[in-house]
Amino acid sequence: MLVPRVPAPISDAASINRKSMRAKVIGASKEHSALKLRGFIVRRSRTIEPFSMTNRIHLLISACGLLFLSCNSSLLQSRISEGTIEYALSFPGADPDGLMAGMLPEKTILSFNEDMQAAEVSAGMGLFRTLMLADNEAKQMDYHMSMMGKRIVSHLKPRDLELFNSESGKATILYTGDIDTIAGYPCKKALAIFNHMDQREIELWFTDRIAMNNPNWFNPFSEVPGVLLRYEVVQNGIRMKLDAVSVTPGKVDEAKFKPKADHEAVSAEALHHELGE
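(A) Structural context of the packing of helix α2 (residues 158-165) against helix α3 (residues 268-276). Two elements in contact, α2 and α3, have axes separated by 10 Å at closest approach and are oriented at 20 degrees. With respect to α3, the element α2 is oriented roughly parallel. Between α2 and α3 the crossing geometry is right-handed. Together, D160, L163 and F164 of α2 and A268, E269, L271, H272 and L275 of α3 make up the contact between the two elements. Tallied by class, residues from the contact of α2 with α3 come to five nonpolar, one polar and two charged.

Written out as structure tokens, the structure is:
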């Protein structure tokens, strides 16, 4: 007959030894877990820290970039209210080998402030000169012409200017979404469509970064809300293209806008006749 085996009783000393060993094992296990956890944290910190520093650098660069764009945007939004514009002149359709080719002007300088404009043109080695003084606020112009020692000036009002702009006819302005940079200034494009069938359309490039009141009141494009930096005009059968090559901000001497006292006053019709000669 088999009898179940009963474990022998454990003495008090053996019990104490076993409890001591168990405590050591548990303590070692806890220490191992702590070391393992510490190693994990160290490895994580070494892995995360470089990315954290990189992210900080990226954030710093982004912040600097946004600051730069903000400053640059402020510069682009700024407007000048006084200075000079130099235009290069060309004559589409003119015979480059014709007798008059060497007599045609190559540039014009426009001096301006918010209410005044002074445009000077010299041709034929200085034998022919014109000076247009436009008062944008009063809407009147003093047109000076000097040729072969003859000096005349005509005081023109908007109705008188219809005589000079009649050749082109009435223009309808169509605005487009095209943009460009001319002489360092952002420009928008418009098209001038004329009611004269033989007059082709003209591209108008204008900027709103030059503060000038009613800058086009005297030309066929009076409704254009900005200073023209690239455009064409037709007078006396001659097509002339103006293309701004530089805009120079700065103080303009008030004497630039004063009429010349040594010019003989004539009517608008007399000036128109002289210009057509």
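What follows picks up the thread again.
(B) Representation of α3 in the model. Taken together, the buried positions of α3 are occupied by A268, L271, E274 and L275. Angularly, the buried residues of α3 cover 125 degrees about the axis, an arc narrow enough to put them on a single face. Exposed positions of α3 whose direction lies more than 90 degrees from the buried face are E269 and G276. Buried positions along α3 lie against β4 (128-135), β5 (140-147), β6 (150-156), α2 and β12 (264-266).

(C) Geometry of the environment of E269. Mapped onto the elements, E269 comes out in helix α3. Here E269 falls in the exposed class, since its relative accessible area comes to 52%. C-alpha of E269 to C-alpha of D160: the two residues are 109 residues apart in sequence and 8.4 Å apart in space.

Reading the values: rules and limits
- Residues numbered from 1 in each chain as written.
- Predicted model: local features only at pLDDT ≥ 70, side-chain atom pairs only at ≥ 80, totals over all residues.
- Heavy atoms only, no water.
- Axes fitted to C-alpha atoms, helices over the stretch in contact; angles between N-to-C directions.
- Helix = DSSP H or I, 4+ residues; strand = E, 2+ residues; numbered from the N terminus.
- Parallel < 35°, antiparallel > 145°, perpendicular 65-115°, else oblique.
- Left-handed = near helix turned anticlockwise from the far one by under 90°.
- Contact = heavy atoms within 4.5 Å.
- Nonpolar A, V, L, I, M, F, W, Y, C, P; charged D, E, K, R; others polar.
- Buried < 20%, exposed > 50% of the residue type's maximum accessible area, 1.4 Å probe, protein only.
- Arc of directions from axis to C-beta.

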